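What follows is the residue order along each chain.
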Amino acid sequence: MNYIELDLKVDPEFSEILMAELGEAGFESFVETDEGLLAYIQEADFDEQAIHDLTAKYLDLTTIAATWKSLERRNWNEEWEKSYEPIEVGDQVRVRATFHEPDPSFTYDLLIQPKMSFGTGHHETTWLVMNEQLRLPHERLSIMDVGCGTGILAILAHKLGASHLLGFDIDEWAVENTRENFAMNGLPAESEVFQGTIQDVPDEKIFGGVLANINRNILLAEIPTYVKHLEPGGWLVTSGFYETDQADIEKCAAENGLKKLRSNTRNQWATVVFEKIK
Ligand SMILES: C[S@@+](CC[C@H](N)C(=O)[O-])C[C@H]1O[C@@H](n2cnc3c(N)ncnc32)[C@H](O)[C@@H]1O
C-alpha cells in the first residue's frame, strides 16, 4: 500500500485546526514540525482538489504552502497501460507512451513515460501551457522549465525549435524521469536537468522563455527571480493556479516588469502569458 506524505508549511498556531480537518478528510497520522505539519493518507484516498480547497480556505488567515509526495515508487507504466490514451493539444501535438502507435498526422509527437512525475498533458495546466507554447516563438531560444515534472514542456520547446533547455524540479523522481524522457525524445545531450529550485540557477543564465507550471504561492514568491533570468522581450508562461488566483499572479507580474500578453482557462485552471518589458 502506498502512502502520500502531505507537507504543510503553516503557522503552528493553525496546526490543530488543520489536523481536525485533515482527519475528517481521511488523513491517518500527523507529525508536527517546526515549520508546520506532516500528514499521511493512503494514496487511494488522497484528493488533490480537497487540499487546494483547504489551502484556499485559510489563505485570509495565514499562509499555507502544501506539497506532497508518494512514499513508494509504483510501476506507473503498468497503471498507464491499463487506462492511458494519447492526448492531443490542437491538431499539432500528440502526447503518447511507447506502447501507442505513432500518428503521422500530428506535427509534434511527444513520448512520455510518467513514472511518479506530474505531466502527461492530461492535467488542465499542462495542456494549457502546451497550447500557449504553440503560439510563442521558440526558434533558437534558450528555455527554462521550472518544476519540469516529466519534462513534457521542455520536450515540446525542443520540438518547437528551442536551442537549449534547462529543466529542474524539487522531486528527485521527476528529475530522473525528465532525463529519461529527454533521451527518449532525442533532446541534445547538452540539455540540463537538475534537482533543485530557481535559487540554484546561476545569475548569469539568461533565457528567451520561461515555463512555470507550479502553483500560486511558489509563483508569487519566484516571479521576481524568473524576471531576472529573462532577456528583455522574453516570455513567461505561468500556470498551476485557479482562475480565482489569476489577479494576484497578474499583479505580481506587473510589479516586476512583465506585460500580460494573454490568458486562458480550462475547468477553472488558468494560464497567463507575460512578456518582459524591453
Ligand atoms: C504542476 S507540476 C508541473 C509539471 C510539468 N511541468 C507539467 O507542466 O506537467 C509542478 C512540478 O513542480 C515541482 N515543484 C514544486 N515546487 C517547486 C519549486 N519550488 N521548484 C521547482 N520545482 C517545484 C513539483 O515537484 C512538480 O513536479
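The sections below set out a description of the structure shown in this document. From a predicted model like this one, the values you see are computed outputs, not experimental measurements. What you see as residue numbers is a count from 1 along each chain, following the sequence as written. Predicted model: local features are reported for residues with pLDDT of at least 70 only, side-chain atom pairs are reported and counted for 80 or more only, and whole-chain, interface and lining totals are derived from all residues. Remark: hydrogens and water are excluded; side-chain values derive from all non-hydrogen atoms of the structure.

Once that is clear, we can look at the pairing of strand S3 (residues 36–42). When accessible area is computed with a 1.4 Å probe and restricted to protein chains, residues below 20% of their type maximum are described as buried, those above 50% as exposed, and intermediate ones as partly exposed. Numbering of helices and strands runs from the N terminus, with a helix taken as a DSSP run of H or I at least four residues long and a strand as a DSSP run of E at least two residues long. Of all 7 residues in S3, 6 are buried, a share of seventy percent or more. One bridge is not enough; two strands pair if DSSP finds at least two bridges between them. Where strand S1 (residues 3–9) and S3 come together, 7 bridges link them in antiparallel fashion. Counterpart to Asp-7 in the pairing with S3 is Leu-38. Of the pairings in the sheet, the one linking strand S2 (residues 29–33) to S3 comprises 5 bridges and is antiparallel in character. Bridged to Thr-33 within S3 is Gly-36. What sits between S2 and S3 in their antiparallel hairpin is a turn of 2 residues.

With that out of the way, let us pick up the nonpolar core. In this description, a nonpolar core means a group of buried Ala, Val, Leu, Ile, Met, Phe, Trp, Tyr and Cys residues linked to one another through side-chain atoms lying within 4.5 Å. Grouped together as the largest cluster of nonpolar side chains are 33 residues, with contacts concentrated most on Val-95, Leu-110, Met-130 and Ile-143. Put simply, the parts of the chain that give this core at least two residues each are strand S5 (87–89), strand S6 (93–96), strand S7 (108–111), helix H4 (124–133), helix H5 (152–159), helix H6 (172–184), strand S12 (230–242) and strand S14 (269–276). We call two residues in contact whenever any of their non-hydrogen atoms come within 4.5 Å of each other. Residues in contact with Ile-143, not counting those within four places in the same chain, are His-138, Ala-157, Ala-162, His-164, Leu-165, Leu-166, Phe-207, Gly-209, Leu-211 and Trp-235.

Note that Ile-51 resides in helix H2 (residues 48–58). Taking relative accessible area as the criterion, Ile-51 reaches 4% and is therefore assigned buried. Beyond its immediate stretch of four places on either side in the chain, Ile-51 contacts Leu-6, Leu-22, Phe-27, Phe-46, Ala-66 and Trp-68.

Moving on: H6. At 3.6 residues per turn, the α-helix brings residues three or four places apart onto the same side. Expected span, for any helix, means 1.5 Å times one less than how many residues it has. With 13 residues, H6 extends 19 Å from end C-alpha to end C-alpha; this agrees with the ideal 18 Å at 1.5 Å per step. Listed as buried for H6 are Trp-173, Ala-174, Val-175, Asn-177, Thr-178, Asn-181 and Phe-182. Residues of H6 that are buried in the fold lie against strand S4 (65–70), S7, H5, strand S9 (164–169) and strand S10 (192–195). Of the residues flanking the start of H6, the one acting as N-cap is Asp-171, its side-chain oxygen 2.7 Å from the backbone nitrogen of Trp-173. Immediately downstream of H6, the backbone of Gly-186 shows phi near 70°, a positive value. In the analysis that follows, any N or O atom pair within 3.5 Å is treated as a polar contact, provided that within protein one partner can donate a hydrogen and the other can accept it, and provided that, for residues neighboring in sequence, both atoms belong to side chains.

In this section: the sheet that holds S1. In space, the 4 strands of this open sheet follow the order S2-S3-S1-S4, with antiparallel pairing throughout. Looking at the sheet topology across the chains shown, the edges are occupied by S2 and S4. For this sheet, the mean inter-axis angle between neighbouring strands, taken without regard to orientation, is 20°. Summarising the sheet, S1 and S4 pair through 6 bridges and their orientation is antiparallel. Bridging from a neighbouring strand, Glu-5 pairs with Lys-69 of S4. All axes here are fitted lines through C-alpha atoms, helices being fitted over the stretch that makes contact, and every angle between N-to-C directions spans 0 to 180 degrees.

Distances and angles like these do not, on their own, reveal function.
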